[in-house]
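An overview of the molecular structure
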Amino acid sequence: MGVAVFNSNGHEMHILFLTDNFPPEVNAPASRTFEHCREWVKAGHQVTVITCAPNFPKGRVFEGYQNRLWQSEEMAGIRVIRVWSYITANEGFVRRILDYQSFMLTSTLASLFVRHPDNVIGTSPQFFTACAAYAVSRMKRIPFVFELRDLWPESIKAVGAMKDSAAIRLLERVEMFLYRKASQIVSVTHSFKKTLIARGVNSDKITVITNGVDMSRFKAMPKDAELVAQLGLEGKFVAGYVGTHGLAHHLETLLDAAEKIRILPDGVAFQFILLGDGARKQALKEEAARRGLDNIIFIDSVPKDQVARYWSLLDVSIIHLKKTDLFTTVIPSKLFECMGMSLPVLHGVAGESADIVRNEGVGIVFEPENATQLIAGLMQMRCDRPAYEQYQKNCLAAAKKYDRSALAQRMLGVINVV
């Protein structure tokens with residue numbers, strides 16, 4: 001348990017957090033928010049989260065929940081209020097915007113019924129949630145903290161979902177307005193901070209708090225024997241991708257590698273696992289079937305408490321994003337989970353996250369969208385056992401630097417400043 005941080009009046013804080021992703025969803029924003037809020041509650045603070053019915057990434061409400069105007073529950077001491085939103089799968093720009101805007105409106109209204117928060121946090125990737133947080137801060141006369149997880153709307157241009165237009169330029173003006181109005185900005189990467197400073201945002205109010213790993217959940221463990229048998233992985237060198245199957249991830253590169261590696265000496269020793277869901281999942285499955293790729297196993301998303309079991313199946317984790325300049329500024333959160341699991345990575349993302357992989361010695365960096373380099377990394381991981389074991393040791397050492405509980409305490413200090 002961390003040391004309690006008090007607000008300027010000497011009282012423990014009531015933190016209001018707006019996010020459209022929260023457990024039982026298992027994506028990176030949901031995990032980060034839950035783990036931070038859980039640590040703040042442990043430190044003696046009151047935390048209220050306003051979110052929507054869990055539906056990511058399929059756009060279907062999870063079993064046991066309904067898309068109602070208001071429902072409330074408690075999770076690890078956190079008061080969780082779920083509000084209605086227009087729910088759609090991650091397909092189609094207009095529908096997604098309606099999804100975001102509906103949550104912006106209903107979360108703002110719900111916030112009016114939350115008594116005496118000391119501050120309000122709005123988290124991206126998209127900034128409509130931050131818009132809601134700003135509106136709440138004005139109505140309740142409390143500070144607004146912007147947690148910056150993505151340079152949105154720049155990222156929607158980067159994946160080709162929308163070209164530069166008057167609408168994009170309007171969104172960019174709103175984005176800059178929010179940066180100016182935020183009392184504090186918590187950025188998940190140093191690259192984002194540099195970008196904001198270059199755009200004229202005051203550096204004094206930007207703090208970098210990277211993603212991290214919940215070391216109570218993600219730790220070194222033997223392969224899950226039941227799953228190994230169930231999936232027919234005995235004797236295989238298993239390479240896996242765990243996460244969203246979206247436009248940004250360009251997982252066609254993994255299909256290309258799976259196709260090419262089969263004809264190489266010992267190529268049959270490799271098995272690929274792709275676990276997760278997203279806008280490109282069905283198309284990837286169809287393409288793999290068309291190519292006859294029997295060395296790829298597709299697995300749908302699994303509950304949060306089962307994720308580590310599936311991570312344990314992997315000999316190496318593949319992290320990959322589309323080859324675009326914007327993604328040199330991001331750090332995929334699964335990198336830290338791999339560290340905690342003592343799982344070497346093949347890292348197909350350039351920029352700040354690649355620097356972490358190299359500096360910490362936790363894996364091999366390859367060029368995004370380059371299947372040949374990915375195959376070379378796979379071969380090296382399997383054949384050079386001493387190097388592989390060193391990567392494993394380095395992962396465990398590096399994970400301690402990104403312990404989520406310590407990062408949560410740092411963010412608590414930032415919130416206390418406002």
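Structure report, in brief. Keep in mind that what you see is a predicted model, and the values were worked out from it rather than measured.

Helix and strand content of the protein chain: 15 helices and 14 strands. Here the protein chain has a C-alpha radius of gyration of 21 Å; the compact-globule value for 418 residues is 22 Å, and the two agree. By its C-alpha atoms, the protein chain is 65 × 45 × 45 Å across when sized along the principal axes. The burial tally for the protein chain puts 58% of its 418 residues in the buried class. Considering only intrachain contacts with a sequence separation of at least 6, the fraction spanning at least 24 residues in the protein chain is 72%. Element-wise, carbon and sulfur atoms account for 52% of the exposed surface of the protein chain, whose accessible area totals about 17300 Å².

Evaluation of the coordinates by the stated rule reveals 12 aromatic pairs. Relative to Phe-113, the ring of Trp-70 lies with its centre 6.4 Å away and its plane at 85°, an arrangement referred to as edge-to-face. With Trp-70 in strand β3 (residues 70-75) and Phe-113 in the loop between α2 (93-111) and β5 (119-123), this pair connects stretches of sequence that are 43 residues apart. On the numbers, 5.3 Å between centres and 45° between planes, the contact of Phe-127 with Phe-128 is tilted. Judged by its relative accessible area of 7%, Phe-128 is buried.

Among the residues making up helix α12 (residues 352-360), those that are buried are Glu-352, Ser-353, Ala-354, Ile-356, Val-357 and Glu-360. Downstream of α12 by one or two residues, Gly-361 has phi in the positive range, about 65°.

Now for the sheet that holds strand β2 (residues 46-52). Read from one edge to the other, the open sheet built from eight strands follows the order β3-β4-β2-β1-β5-β6-β7-β8, with strand pairing classed as mixed. Since the sheet does not close on itself, it has two edges, and those belong to β3 and β8 (206-208), each with one partner. The mean angle between the axes of side-by-side strands here comes to 20°, regardless of whether they run parallel or antiparallel. Of the strand pairs in this sheet, strand β1 (residues 14-18) and β2 are connected by five bridges, and their pairing is parallel. Bridging across to β2, Ile-15 finds its partner in Val-47. In the packing of helix α3 (residues 128-140) onto the sheet, contacts are made with β1, β5 and β6 (144-148), and the angle to β5 comes to roughly 165°. Sitting on the sheet, helix α6 (residues 190-198) touches β6, β7 (184-187) and β8, and the angle it makes with β8 is about 160°.

So, how was this worked out
Residues numbered from 1 in each chain as written. Predicted model: local features only at pLDDT ≥ 70, side-chain atom pairs only at ≥ 80, totals over all residues. Heavy atoms only, no water. Helix = DSSP H or I, 4+ residues; strand = E, 2+ residues; numbered from the N terminus. Rg over C-alpha atoms; globule rule 2.2 N^0.38 Å. Buried < 20%, exposed > 50% of the residue type's maximum accessible area, 1.4 Å probe, protein only. Contact = heavy atoms within 4.5 Å. Areas by Shrake-Rupley, 256 points an atom, 1.4 Å probe, with all protein chains shown as cover. Phe/Tyr/Trp six-rings, centres within 6.5 Å; stacked < 30°, edge-to-face > 60°. Pairing = 2+ DSSP bridges. Axes fitted to C-alpha atoms, helices over the stretch in contact; angles between N-to-C directions.

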